[in-house]
Amino acid sequence: MALLLLAIAAKEAWTALHLDWNDEAAQLVIEAMGVLAAAVVALQIAQTITEEEVIRTAHISAPTRVRRFLSRFMVVIVVALAIEALVATFRAAHSDSTLLLHAAAMVFAVGALLTGWGLFIHLNRSAEELEPEAMQEAKREDQKLK
């Protein structure tokens, strides 16, 4: 799916190159950025799942493992949503200002996700202190990947 999204983004960018350099071309480039962000999300999620489930054969039960898996996943999601919010803001500013409310809601959602993620990490850290051996095991598994 990521490769298909990459191809779609490349096609949109190629189409934009062949247009006059105007608002329509800028809109296509901005949309290509959004599709490219979705492709990167798909690649990163596939990489995370492959590393955690296939290479490490990890069981997502220890607090350390849960925090690390969710943190990798959340980084990808938050960055992709932030890029989409930026794309939506540009689109609204250049074509339809009634969409600015939707863009603002996406920016707010990114902030809420970051806040929730930070709270999760803070609360999970105290659970990790109860299982220091899980952190040591996770560090040993990281060395296997290097």
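Look a little higher up for the structure.
Below is a summary of the structure that appears in this document. In this text the structure is predicted, and so the values were computed from the model without any measurement. (Residues numbered from 1 in each chain as written. Predicted model: local features only at pLDDT ≥ 70, side-chain atom pairs only at ≥ 80, totals over all residues. Heavy atoms only, no water.)

## Examining the overall build of the protein chain
The number of helices and strands found in the protein chain is five helices and zero strands. Moving toward the C terminus, one meets the helices and strands of the protein chain in the order α-α-α-α-α. Taken across its 146 residues, the protein chain has 30% of its residues classed as buried. Considering only contacts within the protein chain whose residues lie at least 6 apart along the sequence, 66% involve residues at least 24 apart. Element-wise, carbon and sulfur atoms account for 69% of the exposed surface of the protein chain, whose accessible area totals about 9400 Å². (Helix = DSSP H or I, 4+ residues; strand = E, 2+ residues; numbered from the N terminus. Buried < 20%, exposed > 50% of the residue type's maximum accessible area, 1.4 Å probe, protein only. Contact = heavy atoms within 4.5 Å. Areas by Shrake-Rupley, 256 points an atom, 1.4 Å probe, with all protein chains shown as cover.)

## Re helix H1 (residues 2-17)
Between its first and last C-alpha atoms H1 spans 23 Å; for 16 residues at 1.5 Å apiece the expected length is 22 Å, and the two agree. Within H1, burial applies to Ala2, Ala9, Glu12 and Ala16. Seen along its axis, H1 keeps its buried residues to an arc of 85°; they face one direction. Turned more than 90 degrees off the buried face of H1, the exposed positions are Leu3, Leu4, Lys11, Trp14 and Leu17. (Expected span 1.5 Å × (residues − 1). Arc of directions from axis to C-beta.)

## With respect to the environment of Val76
Considering the arrangement of structural elements, one finds Val76 in helix H3 (residues 63-94). Look at Val76 and you get buried, because its relative accessible area is 10%. The spatial distance from the C-alpha of Val76 to the C-alpha of Thr48 is 9.9 Å, given a sequence separation of 28 residues. Those residues within four positions of Val76 in sequence are excluded, and the remaining contacts are Val41, Gln44 and Ile45.

## A closer look at a nonpolar patch on the surface
Nonpolar side chains collect at one region of the surface, where Leu3, Leu6, Leu36, Val40 and Leu43 lie side by side and expose about 430 Å² of accessible area between them. Every element with two or more residues in the nonpolar patch is listed here: H1 and helix H2 (23-55). Topologically, Leu6 is positioned in helix H1. (Patch = residues over 30% accessible without salt bridge, like charges linked within 9 Å, V, L, I, M, F, W, Y side chains within 5 Å. Salt bridge = Lys/Arg side-chain N within 4 Å of Asp/Glu carboxyl O.)

## A closer look at the environment of Gly34
Note that Gly34 resides in helix H2. In contact with Gly34, other than residues within four places in its own chain, are Glu84 and Val87.

## Some points on the side chain of Ser71
Mapping Ser71 onto the fold places it in helix H3. Within the structure, the side chain of Ser71 is placed 3.3 Å from the side chain of Trp117, a separation counted as a polar contact. When residues no more than four places from it in sequence are discounted, the contact partners of Ser71 are Trp117 and Ile121. (Polar contact = N/O pair within 3.5 Å; in protein donor to acceptor, adjacent residues only side chain to side chain.)

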